[in-house]
Amino acid sequence: MIEQRAEDFRITNTISAIWSIFRQDKIALFSLFCLSALVAIAILVPYLSPYSPDQQFIGKELIPPFWDKAGDLIFLLGTDDIGRDLFSRLLWGVHYTFGSALLIVLAILLLGGVLGLLVGINQGVKSRTLKYLGDIFLSIPILLVAIIIAALMDSGLQNAMLAIFLALLPHFIHQIDSAVQQELQKDYVVLLRLEGISKYLLLKETIVPNIFPVFVREISRIFILAIMDVSALSFISLGAASTVPEWGAMIRDALDLLYIAPWAVVLPGTAIMLSILVIIILSNSLLRAFHKYHS
């Protein structure tokens, strides 16, 4: 009887149903393709980059992008002030900026998702204590927390990633916990609990599928924040070193060239914005497909 009632409220064949709706949207498919391309570039960049990101071409400094009359197709997006190919450095920036943010998101999704569900489904003293400790960070801006943590460690990209992970984790746990608490207040969940359904089955068959939109919104949000924070910490010299072709570090190093070689600043900034745009479009498309599935 419990399984029959739970069947009325759980979402069956969710992934296949949402995918069938999602793939009908060309913009959604394009955003998925772009995200997949970014992941592929982040992994395969040693084989895709035409030059080493640190290779200097003497006498080829500050060459503009190919669309400029003074440009050169050999250096597709131009060079910086010490003759490094910007196209190669932007590709490696996918590895360092986008790839670092992706690792942060996956770690938060794994650890934060489990902790959020456990805190939400359990009402014991340990769960409430963990929740209250996490709530302390919620009143402090995420970037400020990341800056404070990063400042306490040696500057470097790995330490910046750890700082951003620790800053974002409590927020993700809080949102998942709140979503689970809202589900637990619904009448059909109360009925299932009164009938003796196990917490594991309740989470697996009912609560987790129903809070899918929360997961999508929060994952996209922390992904965007992770990209921005990785770049921001590098920009203020708390992240990647100058020699590392991380997008934020590239902007920092090229600020003095803004009026001489604006492309050296604009191109990494554009890469950050386009990456964020892809994530926003993809997450919104997933949410639209989910809502259409329920309508």
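Every chain is numbered on its own, with residues counted from 1 as its sequence reads. Residue-level local features of this predicted model are given only where pLDDT is at least 70; pairs of side-chain atoms are given and counted only at 80 or more, and the full residue set underlies all totals for whole chains, interfaces and linings. By convention in this description, side-chain values take in all heavy atoms of the structure and omit both hydrogens and water.

- Named according to an unreviewed UniProt entry, the protein chain is Peptide ABC transporter permease originating from Gallibacterium salpingitidis.
- UniProt positions are given in the numbering used here, feature names are shortened, and annotations may be inferred rather than shown by experiment. Listed in UniProt under the heading Sequence similarities (unreviewed entry), the comment for the protein chain reads: "Belongs to the binding-protein-dependent transport system permease family. OppBC subfamily."

### Things to note about the overall build of the protein chain
Phase 1 of the analysis: Secondary structure assignment for the protein chain yields 12 helices and zero strands.
Phase 2 of the analysis: Working definition: helices are DSSP H or I runs of at least four residues, strands are E runs of at least two. Numbering for both runs from the N terminus. Listing every helix and strand of the protein chain by position from the N terminus yields α-α-α-α-α-α-α-α-α-α-α-α.
Phase 3 of the analysis: Over its C-alpha atoms, taken along the principal directions, the protein chain stretches across nearly 80 × 45 × 30 Å.
Phase 4 of the analysis: Summary of the burial criterion: residues with accessible area below 20% of their type's maximum are buried, those above 50% are exposed, and those between are partly exposed, where the area comes from a 1.4 Å probe applied to protein chains only. A buried classification covers 48% of the 295 residues belonging to the protein chain.

### Quick look at a nonpolar patch on the surface
Phase 1 of the analysis: Here, patches come from residues exposed beyond 30% relative accessible area and free of salt bridges, joined within 9 Å for like charges and within 5 Å for nonpolar side chains (Val, Leu, Ile, Met, Phe, Trp, Tyr). Surface accessibility in these figures is a Shrake-Rupley result with a 1.4 Å probe; residues are shielded only by whichever protein chains are displayed. Just to be clear on terms, a salt bridge is a Lys or Arg side-chain nitrogen sitting within 4 Å of an Asp or Glu carboxyl oxygen. The grouping of Ile43, Leu44, Tyr47 and Leu48 at the surface amounts to a nonpolar patch, some 480 Å² of accessible area in total.
Phase 2 of the analysis: Within the secondary structure, Ile43 is located in helix α3 (residues 26-48).

### What to know about unusual backbone geometry
Phase 1 of the analysis: At Leu62, a position not held by glycine, the phi torsion is positive, near 55 degrees.
Phase 2 of the analysis: Along the chain, the position of Leu62 falls in the loop between α3 and α4 (86-121).
Phase 3 of the analysis: Look at Leu62 and you get partly exposed, because its relative accessible area is 27%.
Phase 4 of the analysis: The residue Ser237 is not glycine, and still its phi comes out positive at about 65 degrees.

### Some words on the side chain of Arg84
Phase 1 of the analysis: Here Arg84 is to be found in the loop between α3 and α4.
Phase 2 of the analysis: We define a polar contact as two N or O atoms separated by no more than 3.5 Å, with the added condition that, inside protein, one atom must be a possible hydrogen donor and the other a possible acceptor, whereas residues neighbouring each other in sequence contribute only through side-chain atom pairs. Within the local environment of Arg84, its side chain forms a polar contact with the side chain of Asp80, the two groups lying 2.7 Å apart.
Phase 3 of the analysis: In contact with Arg84, not counting residues within four places along its chain, are Pro53, Asp54, Gln55, Gln56, Gly78, Thr79, Arg89 and Ser242. Whether two residues are in contact is decided by their heavy atoms: any pair within 4.5 Å suffices.

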